[in-house]
Amino acid sequence: MDKEKILTKLTDAGLVAVVRAKSGEEAIKISDACLEGGCPSIELTFTVPGAHKVIEELATRYSGGELLLGAGTVLDSETARIAILSGANYIVSPGFNLETAKLCNRYRVPYMAGCMTITEVITAMEAGVDIVKIFPADLFGPTIIKDIKGPLPQAKLMPTGGVDVSNVDQWIKAGAVAVGAGSSLTAGAKTGDYAKITATAKEFIAKIKEARA
């Protein structure tokens, strides 16, 4: 899938599910539940055991492009390359890494780097980062989006950390192109209640559409 199509599909949905799990099997169940709930974008973190194998399995299962498969908690270019070869459509990092940015640009793979300050956002954008991940977003609240977009109206921002159904509309209205949601979306996995994840994903998507309207 072309880089532009990936970015368009991701921002159209407006929600990226951050998938952390104790096993590959659990990660796949969470991913399936999110997709069923109308969230086509997941960030499979490299904290999941055998993450690259899980990405390979999901890439095979959803070879038709139904699922936008991102690799998260990518700390370096070596891990990014492994993720891309395994089938990841985009790369997400908790911080900014120049070599990872270069690698992703080389292969035209979207890179979402975590930033906390205006300087970091500018540095990431100058390196070709497509969507800047504001992380951890709960340290700031939705006003950080407006604060950044004041001097940088062209910035495409995705807050992650502390985003839930009760406040997602505030983040979208503040100007976020998408949000990343982890435990607030996937908590049902702890008790094996994957239907709850699907239901929560539907709530998220509905709230995002309502905020955009």
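The structure displayed is predicted, hence computed values, not measured ones. (Residues numbered from 1 in each chain as written. Predicted model: local features only at pLDDT ≥ 70, side-chain atom pairs only at ≥ 80, totals over all residues. Heavy atoms only, no water.)

With that out of the way, let us pick up unusual backbone geometry. For the bond from F135 to P136, the omega torsion is -10°, close enough to zero to count as cis. Position of P136 relative to the elements: it lies in the loop between β6 (132-134) and α7 (143-149). At T73, a residue that is not glycine, the phi angle is positive and equals roughly 50°. Mapped onto the elements of the fold, T73 is located in the loop between β3 (68-72) and α4 (77-86). A positive phi is found at R108, a non-glycine position, where the angle reads about 55°. (Helix = DSSP H or I, 4+ residues; strand = E, 2+ residues; numbered from the N terminus.)

Turning our eyes to something else, we now look at the nonpolar core. In this structure, L15, I42, L44 and I91 are the most contacted members of the largest nonpolar core, which totals 64 residues. Of all the elements, helix α10 (residues 194-212) adds the most residues to this core, at seven residues. In this structure I91 touches A71, V74, A80, A83, I84, T100, C104, V109, P110, Y111 and M112, once residues within four positions along its chain are discounted. By size, the runner-up hydrophobic cluster in this structure holds twelve residues, among which are Y90, V92, I131 and A178. (Core = buried A, V, L, I, M, F, W, Y, C linked by side-chain atoms within 4.5 Å. Buried < 20%, exposed > 50% of the residue type's maximum accessible area, 1.4 Å probe, protein only. Contact = heavy atoms within 4.5 Å.)

This brings us to the pattern of salt bridges. Tallying each qualifying case throughout the model produces seven salt bridges. The residue E25 makes a salt bridge to K29 at a minimum N-O spacing of 3.6 Å. Residue E25 and its partner K29 are both found in helix α2 (residues 24-36); the two are separated by four residues, about one turn of the helix. Here E25 falls in the exposed class, since its relative accessible area comes to 55%. Classification of K29 by relative accessible area gives partly exposed; the value is 37%. (Salt bridge = Lys/Arg side-chain N within 4 Å of Asp/Glu carboxyl O.)

Our next topic: the side chain of T198. Inspection of the secondary structure assignment puts T198 in helix α10. At a separation of 2.9 Å, a polar atom in the side chain of T198 contacts the main-chain carbonyl oxygen of A33. Not counting residues up to four positions away in its chain, the partners in contact with T198 are A33, E36 and G37. (Polar contact = N/O pair within 3.5 Å; in protein donor to acceptor, adjacent residues only side chain to side chain.)

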